[in-house]
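The primary structure of each chain is shown beneath.
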Amino acid sequence: MSTTGFLRLGERREGVFGARFDIFDGGTDPALDELTETAAMLCGAEYAYLGWLDADHLWFKSCFGFNAVEQPRPATACHWMLESGEALLIGDAARDIHFPPEGIPLAGAQPCRSYAGAPLVTEAGHLAGTFAVLAREPERFKQEDLALLEILGRQVVTRLELYERIRAEQLAQRARLRTERALDMERCFVAATLDAIPALVAVVDTAGRIVRLNQPCARLTGLSLADAVGKPFVDEVIDRPERIWVAEKLREAAAGLVSGPHETTWRIAGARRPAGETRRVSWTLRPLHDPDGEIQYLIISGQDVTSQRQVERALLSSEARYREVVEGSLGFVFTCSMDGRLTSTNAYTAETLGYPASALVGRAMTELTDADGADSLQECLRTLRSAQEWQGTLPLRRSDGVYRRIAFRSRRIELPGERPFVVNHGIDMTEQLDAEEALQMALRQRELILESADDGIFGIDLDGRLTFINQAGAKTLGYAPDELTGRDFHDALQHSHADEAPYSPSANLILQALRRSEPVRVRHEVFWRRDGTAIPVEYSANPLVEEGQISGMVVAFQDVSERRRLERMKDEFISTVSHELRTPLTSLRAALGLVSSGALDKRPEKQRQMIEMATDNCNRLVRLVNNIVDFDSVEKGRLPLHRKPVEAANLLQRAADTAHDAAARAGIAFKVDAPQLAVFADEERILQVLNELVTNAIKFSPPETTIRLAAEQTGTSPTSGLPEQDKVCFLVQDRGCGIAPEKLERIFDRFQQGDASDTRALGGTGLGLALCRSIVEEHGGRMWAESAVGKGSRFLFTLPAEGSGGTR
């Protein structure tokens with residue numbers, strides 16, 4: 001049994017990966033099938049499979065050489081592999097007491113005598129499943145096959161974890177759709193709340209421009225929302241003599257002052273209204289703050305008091321008429337003495353408060369209010385001793401103990417031969433004030449929904465200007481929210497295509513959807529950040545419809561840069577590794593096929609060439625696997641280094657000797673130039689670096705040229721020019737085609753080469769130079785390249801000199 005990747009059974013949870021990601025319950029996966037086939041071909045197996053085990057069965061996800069869905073767990077070799085807790089190698093199952101004499105049973109195939117299997121273990125240590133190969137002949141597999149299975153198994157786990165990340169993206173998208181639905185519900189709730197209350201409600205911005213009118217307000221003024229939005233409230237609604245005073249009150253509210261109730265004359269517009277008609281309206285004014293405490297809108301809430309004022313005028317002209325009108329009024333009408341004692345009341349006041357009218361007359365008003373109301377009442381009486389009128393709000397307690405909030409207008413009346421008294425007219429504002437609080441809460445809920453969303457959300461008006469954007473969206477685009485509000489959406493965020501070609505506003509899909517009043521969803525688009533960079537986004541845009549008319553669009557977008565990067569990395573890795581495995585395997589199979597067929601028995605020279613070709617391709621596969629294993633170790637910080645003093649000249653000479661045969665076949669010579677210098681390094685790892693550089697130099701050098709290998713003491717950093725003592729610089733120089741300057745750093749990235757055509761024409765995974773740089777940096781050195789197209793390349797790296805301590 002192999003000890004590679006050993007993990008005790010108690011440390012793993014069987015089936016966790018399959019249950020968590022649902023990956024083994026899906027259909028066939030061509031990529032997994034390809035890895036299964038690759039494992040069978042590399043190991044010389046007749047059968048191979050990927051599977052996972054529950055308590056009773058082995059379930060097959062991918063099969064090679066047979067076709068089955070499952071088989072009983074106790075009959076499988078994977079059962080015993082999991083019992084042991086490590087990779088398992090069975091040379092001859094016929095001699096193993098756990099299996100029948102004919103070998104290991106396999107559903108849909110003949111019994112097998114050879115088995116090699118490795119557990120699939122996630123990075124978190126969870127057991128995902130098994131990866132196994134089988135053969136009918138005994139002793140088919142070796143320890144190297146186990147190592148190969150473990151390497152390919154990690155690729156399987158990597159792909160499964162990639163599937164999980166993609167699934168997480170899909171879950172995030174569904175969450176975004178739920179957020180959009182919540183916004184739609186909140187918007188409908190706000191609109192319904194405003195239109196359902198009987199009070200007049202107008203929402204204006206801090207400059208006094210109309211943002212919204214509820215239906216009662218629109219009916220009273222004769223203005224439609226479409227015509228009124230954006231126009232000055234004072235000019236459209238307030239009668240000319242009072243405009244200056246109302247404009248000043250709006251400025252005070254924009255500064256944070258709550259005021260009212262006020263009473264002014266409102267102009268009436270519309271064809272169904274008599275020309276010049278006006279209405280008296282009692283209204284209050286309060287600012288609406290955003291989550292940051294900034295004043296965003298002003299809310300004007302009021303009530304048409306024209307009829308009530310007409311009643312008051314009638315009171316002054318006729319006592320009889322006064323009695324009739326007062327008793328028929330649907331508002332609070334009562335009189336009191338200058339010390340606040342009730343002297344008369346209409347039926348509506350008595351009925352609303354739950355008392356007989358006779359029970360109220362003679363009572364002090366302070367008995368019907370709370371402590372704050374009593375203070376307001378005293379203020380009213382003090383004011384009326386010197387002024388003619390007072391306006392304010394008092395809480396009055398009904399007989400059942402419930403308080404109603406009443407907006408009063410009180411006038412001091414002086415009749416000849418009578419003591420001064422106060423006529424009070426009030427309107428029950430409880431429902432209106434409750435509606436205002438509900439509106440405030442609804443607007444606050446909208447802000448909380450916007451700010452809690454991880455995706456960017458913004459709105460535009462009919463002119464295409466941004467009306468709001470949440471914090472997440474502004475941060476993604478590199479702005480503060482207030483920097484985008486009011487700007488043209490197209491000019492700010494979508495002025496160009498991804499290739500920087502101008503993007504015409506007429507072709508903009510969001511603006512087209514706005515004009516057509518329909519939603520749109522786009523998966524491949526770019527938005528432009530403040531710094532001039534483009535980010536790939538997916539977005540959905542939905543129209544805002546109020547009273548049957550569109551008033552703008554709400555756009556929810558998501559930055560998909562990371563998702564696209566993962567998709568490209570997945571495709572690049574699968575393509576590269578598949579090619580690098582398939583190419584040498586094809587040549588190896590062809591060469592060995594010719595030799596084994598006996599076709600070359602009479603041509604020993606040709607037979608020797610075929611065997612050399614097979615050997616070279618085997619070495620190429622070994623280097624590929626070693627590079628992948630080493631790179632994985634470096635990435636995880638598990639690459640051991642055994643440092644000791646090593647002669648630089650000896651390292652260079654050994655690298656030249658190792659590549660001598662390959663260089664001779666290519667017609668290339670070596671020149672080794674190194675003084676007596678010693679470095680403190682891991683000898684085998686530095687030879688690995690030099691062999692990679694020399695192999696690349698041979699690959700890209702023309703015949704009849706010389707590759708120079710050198711080492712020298714360096715005194716300054718080759719990148720920064722700063723002093724850098726106790727370093728030895730190694731050089732590998734060729735006379736090849738050279739590398740373009742813009743690619744000198746990119747060739748050290750994973751899966752990258754100097755020319756894209758080199759990957760297929762000359763082979764290579766693109767891991768070699770990335771691994772070399774990682775090994776050098778682990779030693780505390782650095783690696784770089786110098787080149788010019790057509791003049792060859794110089795690859796250089798530094799290592800600590802002997803006696804420098806060898807630490808980074």
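Rules and cut-offs
Residues numbered from 1 in each chain as written. Predicted model: local features only at pLDDT ≥ 70, side-chain atom pairs only at ≥ 80, totals over all residues. Heavy atoms only, no water. Helix = DSSP H or I, 4+ residues; strand = E, 2+ residues; numbered from the N terminus. Contact = heavy atoms within 4.5 Å. Areas by Shrake-Rupley, 256 points an atom, 1.4 Å probe, with all protein chains shown as cover. pLDDT = per-residue confidence, 0-100. Salt bridge = Lys/Arg side-chain N within 4 Å of Asp/Glu carboxyl O. Buried < 20%, exposed > 50% of the residue type's maximum accessible area, 1.4 Å probe, protein only. Phe/Tyr/Trp six-rings, centres within 6.5 Å; stacked < 30°, edge-to-face > 60°. Lys NZ or Arg CZ within 6 Å of the ring centre and 35° of its normal. Arc of directions from axis to C-beta. Polar contact = N/O pair within 3.5 Å; in protein donor to acceptor, adjacent residues only side chain to side chain. Pairing = 2+ DSSP bridges. Axes fitted to C-alpha atoms, helices over the stretch in contact; angles between N-to-C directions. Parallel < 35°, antiparallel > 145°, perpendicular 65-115°, else oblique. Left-handed = near helix turned anticlockwise from the far one by under 90°. Core = buried A, V, L, I, M, F, W, Y, C linked by side-chain atoms within 4.5 Å. Nonpolar A, V, L, I, M, F, W, Y, C, P; charged D, E, K, R; others polar.

Considerations on the overall build of the protein chain
The number of helices and strands found in the protein chain is 25 helices and 30 strands. If you take every contact in the protein chain between residues at least 6 apart in sequence, the share linking residues at least 24 apart comes to 58%. On the protein chain, roughly 39000 Å² of surface is accessible, and the fraction owed to carbon and sulfur atoms is 51%.

Quick notes on the confidence of the model for the protein chain
Interpretation of this model should avoid reading the predicted coordinates in detail wherever pLDDT is low. On average, the protein chain scores 82 in pLDDT, and the residues at 70 or more come to 83%. At the level of individual helices and strands, the protein chain shows its lowest average pLDDT in helix 24 (residues 758–761), which scores 44, and its highest in strand 30 (residues 793–800), which scores 94. Counted against residues more than four places away or in other chains, residues 1–20, with its pLDDT under 50, gives 53 contacts. Under a pLDDT of 50 for its full length, residues 756–762 has, in the predicted model, 11 contacts with residues more than four places off or in other chains.

Quick notes on the pattern of salt bridges
On inspection of all chains with the given rule, the structure shows 35 salt bridges. The salt bridge involving Arg-529 is made with Asp-531; its shortest N-O contact spans 3.7 Å. What makes Arg-529 partly exposed here is its relative accessible area of 25%. Among the salt bridges present, the one from Glu-683 reaches Lys-644, with a minimum N-O distance of 3.5 Å. Of the two residues, Glu-683 is situated in helix 23 (residues 683–700) and Lys-644 in strand 24 (residues 643–647); the sequence distance between them amounts to 39 residues. Under the relative-accessibility criterion, Glu-683 is labelled buried at 14%. Salt bridges sharing common partners tie together Glu-242, Glu-263, Arg-280, Arg-309, Glu-389, Arg-409 and Arg-411.

Side note on the packing of aromatic side chains
For the structure shown, the criterion picks out 16 aromatic pairs. Arranged with centres 6.3 Å apart and planes meeting at 65°, the rings of Trp-245 and Trp-283 form a pair that is edge-to-face. Linking Trp-245 in helix 8 (residues 243–254) with Trp-283 in strand 12 (residues 278–289), this pair joins segments that are 38 residues apart in sequence. The partly exposed category is assigned to Trp-245, whose relative accessible area is 39%. Here Trp-283 falls in the buried class, since its relative accessible area comes to 2%. A ring pair is formed by Phe-748 and Phe-795, whose centres lie 6.4 Å apart and whose planes are at 70°; its orientation type is edge-to-face. With Phe-748 in the loop between strand 28 (723–733) and helix 24 and Phe-795 in strand 30, the pair connects residues that are 47 residues apart, well separated along the chain. Ring-pair connections join several aromatic residues into one group, and the members of that group are Phe-458, Phe-489, Phe-527, Tyr-539 and Phe-557. Between the NZ or CZ atom of Arg-363 and the centre of the ring of Tyr-355, over which it lies, the distance is 5.3 Å. When the ring centre of Phe-748 is taken as reference, the NZ or CZ atom of Arg-773 above it lies at 4.1 Å.

As for helix 21 (residues 648–658)
Since there are 3.6 residues in each turn of an α-helix, residues three or four apart along the chain are aligned in direction. Residues of helix 21 that are buried include every one of Ala-648, Leu-651, Leu-652, Ala-655 and Ala-656, and no others. In a view along the axis of helix 21, the buried residues occupy a sector of 130°, so they form one face of it.

Some words on the side chain of Arg-404
Looking at the secondary structure, you find Arg-404 in strand 17 (residues 403–413). On the basis of relative accessible area, Arg-404 is assigned to the buried category, the value being 14%. For Arg-404, the side chain forms a polar contact with the side chain of Asp-428, separated by 2.9 Å. For Arg-404, the residues in contact, after removing those within four places along its chain, are Leu-394, Pro-395, Leu-396, Arg-398, Asp-428, Thr-430 and Glu-431.

A few points about the sheet that holds strand 17
What the five strands build is an open sheet, ordered 15-14-18-17-16; its pairing is antiparallel. Of all the strands in the sheet, just strand 15 (342–345) and strand 16 (389–397) have a single pairing partner and so form its edges. Averaged over all pairs of adjacent strands, the angle between their axes in this sheet comes to 30°, without regard to strand direction. Where strand 14 (residues 332–337) lies against strand 15, three bridges are found, and the strand directions are antiparallel. In the sheet register, Thr-335 faces strand 15, and the bridge partner there is Ser-344.

A word on the environment of Gly-222
Structurally, Gly-222 is set in the loop between helix 5 (215–221) and helix 6 (225–228). A residue is classified by how much of its surface remains accessible, and Gly-222, at 34% relative accessible area, is partly exposed. Each C-alpha atom of the pair Gly-222 and Val-237 lies 9.7 Å from the other, and the pair is 15 residues apart in sequence.

A short note on the side chain of Thr-798
Its location among the elements puts Thr-798 in strand 30. Apart from residues no more than four positions distant in its own chain, Thr-798 is found in contact with Lys-727, Val-728, Cys-729, Val-776, Gly-781, Arg-782 and Trp-784.

Details of helix 25 (residues 768–778)
For helix 25, the buried fraction is high: nine of the 11 residues fall into the buried class. The complete set of buried residues in helix 25 reads Gly-768, Leu-769, Ala-770, Leu-771, Cys-772, Arg-773, Ser-774, Ile-775 and Val-776. The positive-phi residue at the C-terminal boundary of helix 25 is Gly-780, with phi of around 90°.

Details of the packing of helix 21 against helix 23
Running from N to C, helix 21 and helix 23 cross one another at 50°; their axes reach a closest spacing of 9 Å. Taken together, the axes of helix 21 and helix 23 lie oblique to each other. In this structure, helix 21 meets helix 23 at a crossing whose hand is right-handed. Contacts between helix 21 and helix 23 involve Asn-650, Leu-651, Leu-652, Arg-654, Ala-655 and Thr-658 from the first element and Glu-683, Glu-684, Ile-686, Leu-687, Leu-690, Asn-691 and Val-694 from the second.

Digging into the nonpolar core
Phe-730 and Phe-797 are the most contacted members of the largest nonpolar core, which has 41 residues in total. The biggest single contributor to this core is helix 23, with eight residues. Excluding its chain neighbours within four sequence positions, the residues that come into contact with Phe-730 are Ala-648, Leu-651, Leu-652, Val-679, Ala-710, Ala-711, Phe-795, Leu-796, Phe-797 and Leu-799. Phe-458, Ile-460, Val-522 and Ala-541 belong to the second largest nonpolar core, which has 26 residues in total.

Examining the packing of helix 23 against helix 25
Running from N to C, helix 23 and helix 25 point in directions that differ by 145°, and their axes come no closer than 10 Å. Taken as a pair, helix 23 and helix 25 cross one another with a handedness that is left-handed. For the pair formed by helix 23 and helix 25, the contact residues are Arg-685, Gln-688, Val-689, Glu-692, Leu-693 and Asn-696 on the first element and Gly-768, Leu-769, Leu-771, Cys-772, Ile-775 and Val-776 on the second. Of the residues that constitute the contact of helix 23 with helix 25, the class distribution is seven nonpolar, three polar and two charged.

Considerations on the environment of Thr-284
When you line up the elements, Thr-284 lands in strand 12. Taking C-alpha positions, Thr-284 is 5.5 Å from Ser-301, a pair spaced 17 residues apart along the chain.

Let's talk about the sheet that holds strand 11 (residues 259–267)
Taken in spatial order, the five strands line up as 10-9-13-12-11 in an open sheet, and their pairing is antiparallel. Strands with a single pairing partner mark the edges of an open sheet, and in this sheet they are strand 10 (210–213) and strand 11. Averaged over neighbouring strand pairs, the angle between their axes works out to 30° when direction is ignored. Pairing of strand 11 with strand 12 involves seven bridges; the strand directions are antiparallel.

Some remarks on the pairing of strand 13 (residues 295–304)
Of the pairings in the sheet, the one linking strand 9 (residues 200–205) to strand 13 comprises six bridges and is antiparallel in character. Paired with Asp-205 across the bridge in strand 13 is Tyr-297. Where strand 12 folds back on strand 13, the antiparallel hairpin that results is connected by five residues, among which Gly-293 adopts a positive phi of roughly 85°.

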